[in-house]
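If you want the building blocks of each chain, they are given just below.
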Amino acid sequence: MKFIILFGSPRKQGNTISLVEPFIKEIKDSGNEAEIVWLYDKEIKGCIACRNCQKDWTGFHCIIKDDMQEIFAKILASDKIILATPIYSWSCPAPMKALLDRLVYGMNKYYGEEKGPALWKGKSVALITTCGYRPENGSDLFEESIKRYCKHSQLVYEGMLSERDLGYNSVFISDDKIERARVFARNLL
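Residues numbered from 1 in each chain as written. Predicted model: local features only at pLDDT ≥ 70, side-chain atom pairs only at ≥ 80, totals over all residues. Heavy atoms only, no water.

A. Spotlight on the overall build of the chain. The helix and strand tally for the chain stands at six helices and five strands. Its helices and strands taken in sequence order, the chain reads β-α-β-α-β-α-β-α-α-β-α from the N to the C terminus. Computed over the C-alpha atoms, the radius of gyration of the chain is 16 Å, within 12% of the 16 Å expected from 2.2 N^0.38 for a compact globule of 189 residues. Considered along the principal axes of its C-alpha atoms, the chain spans approximately 55 × 35 × 25 Å. For the chain, the proportion of its 189 residues judged to be buried stands at 48%. In the chain, of all internal contacts separated by at least 6 residues, the share reaching a separation of at least 24 is 75%. Separation between the mean location of the 27 positive side-chain charges and that of the 25 negative ones in the chain comes to 3 Å. (Helix = DSSP H or I, 4+ residues; strand = E, 2+ residues; numbered from the N terminus. Rg over C-alpha atoms; globule rule 2.2 N^0.38 Å. Buried < 20%, exposed > 50% of the residue type's maximum accessible area, 1.4 Å probe, protein only. Contact = heavy atoms within 4.5 Å. Lys, Arg positive; Asp, Glu negative; His and termini not counted. Charge placed at Lys NZ, Arg CZ, Asp CG, Glu CD.)

The following block contains the structure:
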């Protein structure tokens with residue numbers, strides 16, 4: 001099985017990666033593949049709602065020339081899509097939001113003259129989030145938006161692992177959090 005982790009944090013040594021690393025280790029130790037796409041390292045422009053992508057149902061076909069073509073291909077080649085992100089203002093940071101907006105149009109051919117297919121129909125999506133509030137008050141709105149996104153896009157939503165950061169004067173990662181990340185990976189397998 002192939003996992004793609006779309007990583008939405010600007011910090012490569014932060015809380016979110018410390019939760020993603022044991023998740024990836026569990027995936028790989030089980031004989032599966034996992035690849036991280038660092039969204040802050042990519043050029044991902046916002047959707048301009050031109051609907052050019054709707055004219056051809058054979059692929060992404062966005063007129064914006066950036067790194068989305070590469071990401072699109074990786075998503076289609078994967079079995080499971082993991083959105084790994086810190087929560088900023090009850091949602092995801094800007095690069096992930098731009099990615100999600102571009103994918104909802106480029107992957108779903110619903111918005112043209114005729115309603116077409118969802119190119120990624122049936123793929124699984126799961127979330128790994130970190131937040132400063134208790135998850136039920138910090139990650140809940142983002143999770144709900146992704147559940148609706150998945151339903152609209154004919155994706156299978158498989159759940160969320162969300163862990164709280166108690167502040168800059170505390171250590172985020174713990175053995176308990178590492179174990180929950182490993183269990184979450186096993187549940188997705």
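B. View of the environment of Tyr157. Structurally, Tyr157 can be placed in strand E5 (residues 156-164). In contact with Tyr157, other than residues within four places in its own chain, are Val125, Leu127, Glu143, Ile146, Lys147 and Cys150. Among the polar contacts listed, one links the side chain of Tyr157 to the backbone oxygen of Gly159, at a separation of 3.4 Å. In terms of polar contacts, Tyr157 uses its side chain to reach the backbone amide nitrogen of Met160, at 3.5 Å. (Polar contact = N/O pair within 3.5 Å; in protein donor to acceptor, adjacent residues only side chain to side chain.)

C. Focus on the side chain of Arg102. Mapped onto the fold, Arg102 is located in helix H3 (residues 94-106). The buried category is assigned to Arg102, whose relative accessible area is 3%. What Arg102 contacts, discounting residues up to four positions off in sequence, is Ile44, Lys45, Gly46, Cys47, Phe60, Cys62, Ile64, Asp66 and Met68.

D. Local environment of the packing of helix H1 (residues 15-29) against helix H6 (residues 175-188). Remark: H1 packs on H6, axes separated minimally by 8 Å, with the N-to-C direction vectors making an angle of 40 degrees. Put simply, H1 runs oblique to H6. Between H1 and H6 lies a crossing of right-handed hand. Counted together, Leu19, Pro22, Phe23, Lys25, Glu26 and Ile27 of H1 and Lys177, Ile178, Ala181, Arg182, Phe184, Ala185, Arg186 and Leu188 of H6 form the full contact between these two elements. For the contact of H1 with H6, the residue count by class is nine nonpolar, no polar and five charged. (Axes fitted to C-alpha atoms, helices over the stretch in contact; angles between N-to-C directions. Parallel < 35°, antiparallel > 145°, perpendicular 65-115°, else oblique. Left-handed = near helix turned anticlockwise from the far one by under 90°. Nonpolar A, V, L, I, M, F, W, Y, C, P; charged D, E, K, R; others polar.)

E. Structural context of the pairing of strand E4 (residues 124-131). Burial within E4 is extensive, with eight of its eight residues counted as buried. Every second residue of E4 is oriented toward a common face, with Ser124, Ala126, Ile128 and Thr130 on one face and Val125, Leu127, Thr129 and Cys131 on the other, all of them buried. Note that strand E3 (residues 80-86) and E4 share seven bridges and pair parallel. Along E4, the bridge assignment pairs Leu83 with Leu127. Handedness of the crossover joining E3 and E4 through H3: right-handed. As judged from the seven bridges shared by E4 and E5, these two strands associate in the parallel manner. Residue pairing in the sheet places Ile128 in a bridge with Leu161 of E5. (Pairing = 2+ DSSP bridges. Right-handed = clockwise from strand over helix to strand, strands pointing away.)

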